[in-house]
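Breakdown of the fold
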Amino acid sequence: MLNIVVMVSGGGTNLQAVIDAVESGEITNTRIVGVISNNKNAYALERARKHGIKSRCISPRDFASREEFNENFISAVDEWEPDLIVLAGFLVVIPPAMTKRYQNRIINIHPSLIPAFCGTGFYGLKVHEAALERGVKVVGATVHFVDEGTDTGPIILQKAVEVEDGDTPEILQKRVMEQAEWQILPRAVDLIANGKVEVRGGKAFVSR
Ligand code: GRF
């Protein structure tokens, strides 16, 4: 059984996709042991509560220094002894000590086809604004392992989505979520839970 902790900051639709997939059996061998939010008002926390999943709020704002936050954050995660950490729209930078301890055991969903529109500053609507600004015809989402860089870890799954005439950043964001993010994040968790993902030489290999 793969014990996962999901980290969130906002609405939690990706968390919901994982919860639904666990409950429907689309994801097997997996238990969500806890949800961590840096934002006490995140609707994602309500979603966890509705499904009887433990949650915890921990924010850098509650600590005098980043170091102090990082230590407490890592201890909070360790308490749940996760096999996998799933970043589902989590907007806090993961401390290097955590990426080291949980090497190849943290995954993130990013709303673009990495290496396009990723890295520092590319989050939320900014990603979709930049894609429309550049005039690309295809966008998408990526699930990747988290290393010490920003959106630089081994890529597990990607899914493309077409840009349509008249798209606004908001419309595009919604289409990318519906057609890509909510599908590939649960699929990646299921693949990992069933031993189908292996990292070699800085790349992830998926067997099906
Ligand atoms: C998603 O677009 C995700 O790709 C990004 O943040 C957003 C989170 O949305 N990293 P939600 O909280 O899952 O609804």
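Residues numbered from 1 in each chain as written. Predicted model: local features only at pLDDT ≥ 70, side-chain atom pairs only at ≥ 80, totals over all residues. Heavy atoms only, no water.

1. Some details on the sheet that holds strand 4 (residues 84-87)
Taken in spatial order, the 7 strands of this open sheet run 3-2-1-4-5-6-7, and their pairing is mixed. Edge strands, defined here as strands with exactly one partner in the open sheet, are strand 3 (55-57) and strand 7 (155-162). Neighbouring strand axes in the sheet, compared pairwise and without regard to direction, differ in orientation by 20° on average. Note: strand 2 (residues 30-37) against strand 3, 3 bridges, orientation parallel. Across the sheet, the residue bridging to S37 is C57, located in strand 3. (Pairing = 2+ DSSP bridges. Helix = DSSP H or I, 4+ residues; strand = E, 2+ residues; numbered from the N terminus. Axes fitted to C-alpha atoms, helices over the stretch in contact; angles between N-to-C directions.)

2. Some thoughts on the site of the ligand
Surrounding the ligand, one finds G10, G11, G12, T13, N14, G89, I109, P111, M177 and E181. In this structure, T13 approaches the ligand through a side-chain N or O atom, which is 2.6 Å from an oxygen atom. For the ligand, whose free accessible area comes to 370 Å², the fraction covered by protein is 87%. Assessed atom by atom at 2 Å from the grid points, the ligand resides in the largest pocket. Those elements that provide at least two residues to the shell around the ligand are helix 1 (13-24) and helix 6 (169-193). (Near = heavy atom within 4 Å. Polar contact = N/O pair within 3.5 Å; in protein donor to acceptor, adjacent residues only side chain to side chain. Areas by Shrake-Rupley, 256 points an atom, 1.4 Å probe, with all protein chains shown as cover. 1 Å grid on protein atoms, 1.4 Å probe; cavity = no way out; pocket = protein on both sides within 12 Å on 5 of 7 lines; lining within 4 Å. Sits in = over half its atoms within 2 Å of the grid points.)

3. Let's talk about the packing of aromatic side chains
According to the stated counting rule, one finds 4 aromatic pairs in the structure shown. Here the aromatic residues F63, F69, F73 and F90 are joined through ring pairs into a cluster of three or more. (Phe/Tyr/Trp six-rings, centres within 6.5 Å; stacked < 30°, edge-to-face > 60°.)

4. Remarks on the nonpolar core
Counting residues in each nonpolar core, the largest one holds 44 residues, and the members touching the most others are I4, V6, V35, I107 and I156. Broken down by element, this core gets its largest block of residues, 10 residues, from helix 6. Setting aside residues up to four positions removed in sequence, V35 forms contacts with V6, V8, L15, L45, A48, I53, K54, S55, R56 and W80. By size, the runner-up hydrophobic cluster in this structure holds 19 residues, among which are L87, I94, M98 and I106. (Core = buried A, V, L, I, M, F, W, Y, C linked by side-chain atoms within 4.5 Å. Buried < 20%, exposed > 50% of the residue type's maximum accessible area, 1.4 Å probe, protein only. Contact = heavy atoms within 4.5 Å.)

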